[in-house]
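Spelled out, the chains give:
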Amino acid sequence: QVQLVESGGGLVQAGGSLRLSCAASGSIFRINNMAWYRQAPGKQRELVASISSAGSTNYADSVKGRFTISRDNTKNTVYLQMNSLNAEDTAVYYCNARITTAQAINVIMGYWGQGTQVTVSS
C-alpha cells in the first residue's frame, strides 16, 4: 500500500504565502514524477506544477513566477511554495505521484493525496 499525506493548507490573506508538503509512504520502490493539482469549486481539476525524478519542473502559466515546486527524494516528499497568493488560487490542492511499488517493479501507478484546502481572502 502507498499513501500520500498532504499538509500545509489554510487561510491566508491576498499577497501572502503558504508552503504545502506531501509525503509518500508505504512499499515504495521508486517515485517518478510528482505533481500538485488543484480544484476550485465548480471547476475541473488542473495541473499546477510537476517535477520529475531528476528535478525538471513544469508550471501552469497562472502560477509561473509565484509558485515553486521541489522535492526531497530522501524523504519521499514534494513541496509547493506559494507566494503572492490571490483569490484565484483558492482551491483544494492535491498531490499526485507516479510510483513503482516493491511488489510490482515493472508497473508505474498514479496515487493521489486526500487534498488540502487553500483559501485566499481578498
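Residues numbered from 1 in each chain as written. Predicted model: local features only at pLDDT ≥ 70, side-chain atom pairs only at ≥ 80, totals over all residues. Heavy atoms only, no water.

Asks: Explain the overall build of the protein here, please?
Replies: Within the protein, the regular secondary structure consists of 0 helices and 11 strands. Listed by position from the N terminus, the elements making up the protein come as β-β-β-β-β-β-β-β-β-β-β. Over its C-alpha atoms the protein spans a radius of gyration of 14 Å, differing by no more than 12% from the 14 Å that the globule rule assigns to 122 residues. Structurally, the protein occupies a C-alpha span of about 50 × 25 × 25 Å along its principal axes. The buried share among the 122 residues of the protein stands at 42%. (Helix = DSSP H or I, 4+ residues; strand = E, 2+ residues; numbered from the N terminus. Rg over C-alpha atoms; globule rule 2.2 N^0.38 Å. Buried < 20%, exposed > 50% of the residue type's maximum accessible area, 1.4 Å probe, protein only.)

Asks: Please explain the side chain of T116 as it appears in this structure.
Replies: Along the polypeptide, T116 turns up in strand 11 (residues 116-121). Overall, T116 belongs to the buried group, its relative accessible area being 10%. Reaching out from T116, the side chain makes a polar contact with the backbone nitrogen of G9 at a distance of 3.3 Å. When neighbours within four sequence positions are excluded, T116 is seen to be in contact with E6, G9, L20, A91, V92 and Y93. (Polar contact = N/O pair within 3.5 Å; in protein donor to acceptor, adjacent residues only side chain to side chain. Contact = heavy atoms within 4.5 Å.)

Asks: Help me understand the pattern of salt bridges in this model?
Replies: Note that side chains of opposite charge can pair when their charged atoms are close. Taken as a whole, this structure holds 4 salt bridges when the rule is applied. For E46, the salt bridge is made with R38, and the minimal N-O distance between the two is 2.7 Å. A residue is classified by how much of its surface remains accessible, and R38, at 5% relative accessible area, is buried. A salt bridge links D89 to R66; the shortest N-O distance between them is 2.8 Å. Residue D89 is found in the loop between strand 8 (77-82) and strand 9 (91-101), and its partner R66 is found in the loop between strand 6 (57-59) and strand 7 (67-72); the two are separated by 23 residues along the sequence. Here the two residues D89 and R66 agree in accessibility, since each one is buried. (Salt bridge = Lys/Arg side-chain N within 4 Å of Asp/Glu carboxyl O.)

Asks: Help me understand the nonpolar core in this model?
Replies: Where a protein is soluble and globular, its nonpolar side chains tend to be buried together. Formed by 31 residues in total, the largest nonpolar core has its most connected members in W36, L80, M82 and Y93. Broken down by secondary-structure element, the contributors of at least two residues to this core are strand 1 (2-7), strand 3 (18-26), strand 4 (28-39), strand 5 (46-51), strand 7, strand 8, strand 9 and strand 11. For this core, the element with the most residues is strand 9, which contributes 5 residues. (Core = buried A, V, L, I, M, F, W, Y, C linked by side-chain atoms within 4.5 Å.)

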